[in-house]
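The chain contents come next:
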Amino acid sequence: MKIIIPDIPKEGIDVDIQETITSDGAPFAIHARLKVVKIGSEIMVKGNLKAEVELQCSRCLKKFAGDVSVPVDVVYHPVEELKGEDYHEIESEELDSDFYSGDELDLISLLKEQVALNIPMKPLCNDLCRGLCPNCGADLNESPCSCSMKNIDPRFEELRKLLKERKE
Ligand SMILES: [Zn+2]
Ligand SMILES: [Zn+2]
């Protein structure tokens with residue numbers, strides 16, 4: 001979805017994007033409601049973005065569909081400003097700023113970027129996910145494996161020794 005910058009009316013435009021886009025070979029559905037306003041040479045894009053992405057649980061490695069919801073608040077400056085002296089000023093004032101060149105603003109690439117930035121680093125299929133046994137690799141969500149009884153957390157090993165010594 002491309003916005004033709006000279007066509008943006010004074011009051012701005014509301015954009016509703018519902019699409020399946022592909023990023024890094026993985027397709028995912030996005031739904032974004034954005035308001036695009038042009039003020040002078042700057043273009044403000046504000047709104048909300050929801051994406052359904054395939055995540056992999058960092059504990060049990062199972063793949064699951066996760067929702068990413070991102071508030072969008074980006075200011076686009078004409079790329080010509082990059083050459084100007086005020087560039088550093090802009091950079092420190094606004095964290096979410098970007099540049100456009102020519103007459104077009106590509107909202108899809110903005111949305112892709114926002115999704116990529118907001119994908120959780122260590123997703124969990126469930127807050128209570130037990131993960132895989134580090135010893136035999138069994139999925140502990142399905143059933144406890146036979147080694148879970150024998151293996152004691154190393155932090156408790158010292159305590160166990162002490163208790164044993166006392167008993168003897
Ligand atoms: Zn999991
Ligand atoms: Zn095991």
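Please read all numbers here as calculations on a predicted model, not as lab measurements.

A closer look at the pattern of salt bridges
Inspection of the entire model under this criterion finds three salt bridges. The shortest N-O distance in the salt bridge between D14 and K35 comes to 3.9 Å. Linking D14 in strand β2 (residues 13-23) with K35 in strand β3 (residues 26-39), this pair joins segments that are 21 residues apart in sequence. Judged by its relative accessible area of 32%, K35 falls in the partly exposed class. D16 is the partner of R33 in a salt bridge, and the nearest nitrogen-oxygen pair spans 3.2 Å.

With respect to the coordination of the zinc ion (ligand 2)
Here the zinc ion (ligand 2) is held by the protein donor atoms C133 (SG), C136 (SG), C145 (SG) and C147 (SG), which lie 2.0 to 2.3 Å from it. The coordination sphere of the zinc ion (ligand 2) comprises four donor atoms, whose angles at the metal cover 106 to 116°; the geometry is tetrahedral. Summarised as a motif, the one-chain spacing of the donors to the zinc ion (ligand 2) is C-x2-C-x8-C-x1-C. One end of the pair, C133, is in the loop between α2 (107-118) and α3 (147-150); the other, C145, is in the loop between α2 and α3, with twelve residues separating them in the sequence. The pair formed by C133 and C145 is uniform in burial state, with each residue classed as buried.

Some details on the coordination of the zinc ion (ligand 1)
Protein coordination at the zinc ion (ligand 1): the donors are C57 (SG), C60 (SG), C125 (SG) and C129 (SG), at 2.3 to 2.4 Å from the metal. If you look at the zinc ion (ligand 1), its four donor atoms make angles of 106 to 112° with each other, and the shape they trace is tetrahedral. Sequence spacing of the donors to the zinc ion (ligand 1): C-x2-C-x64-C-x3-C. C125 sits in the partly exposed class, given a relative accessible area of 31%. For C129, a relative accessible area of 6% puts it in the buried group.

As for unusual backbone geometry
For L61, which is not glycine, the phi dihedral falls at a positive 65°. A residue is classified by how much of its surface remains accessible, and L61, at 47% relative accessible area, is partly exposed.

Topic: the layout of surface pockets
What the largest pocket holds in volume is close to 300 Å³. As for the largest pocket, its lining consists of 15 residues, and the residues nearest its centre are S23, A26, V53, E54 and I119. For the lining of the largest pocket, the secondary-structure elements that each account for two or more residues are β3, β4 (42-56) and α2. In the lining of the largest pocket, the residues fall into nine nonpolar, two polar and four charged.

So, the sheet that holds strand β5 (residues 63-78)
A sheet is described by the order of its strands in space; here five strands give the open sequence β2-β3-β4-β5-β6, paired in mixed fashion. The open sheet terminates on both sides in strands that have one partner only, identified here as β2 and β6 (97-100). Within this sheet the neighbouring strands show an average axis-to-axis angle of 30°, counted without direction. Relative to β3, β2 is paired through eleven bridges, and the arrangement is antiparallel. Within β3, the residue paired with I17 across the bridge is A32. Contacting β2, β3, β4, β5 and β6, α2 runs over the sheet at an angle of about 65° to β2.

The rules we used
- Residues numbered from 1 in each chain as written.
- Chains lettered and ligands numbered in written order.
- Predicted model: local features only at pLDDT ≥ 70, side-chain atom pairs only at ≥ 80, totals over all residues.
- Heavy atoms only, no water.
- Salt bridge = Lys/Arg side-chain N within 4 Å of Asp/Glu carboxyl O.
- Helix = DSSP H or I, 4+ residues; strand = E, 2+ residues; numbered from the N terminus.
- Buried < 20%, exposed > 50% of the residue type's maximum accessible area, 1.4 Å probe, protein only.
- Donors = N, O, S within 2.8 Å, 3.2 Å for Na, K, Ca; no water.
- Tetrahedral: all angles 85-135°; square planar, octahedral: opposite > 155°, others 65-115°.
- 1 Å grid on protein atoms, 1.4 Å probe; cavity = no way out; pocket = protein on both sides within 12 Å on 5 of 7 lines; lining within 4 Å.
- Points joined across faces, edges and corners; volume = space filled by probe spheres on them.
- Nonpolar A, V, L, I, M, F, W, Y, C, P; charged D, E, K, R; others polar.
- Pairing = 2+ DSSP bridges.
- Axes fitted to C-alpha atoms, helices over the stretch in contact; angles between N-to-C directions.
- Contact = heavy atoms within 4.5 Å.

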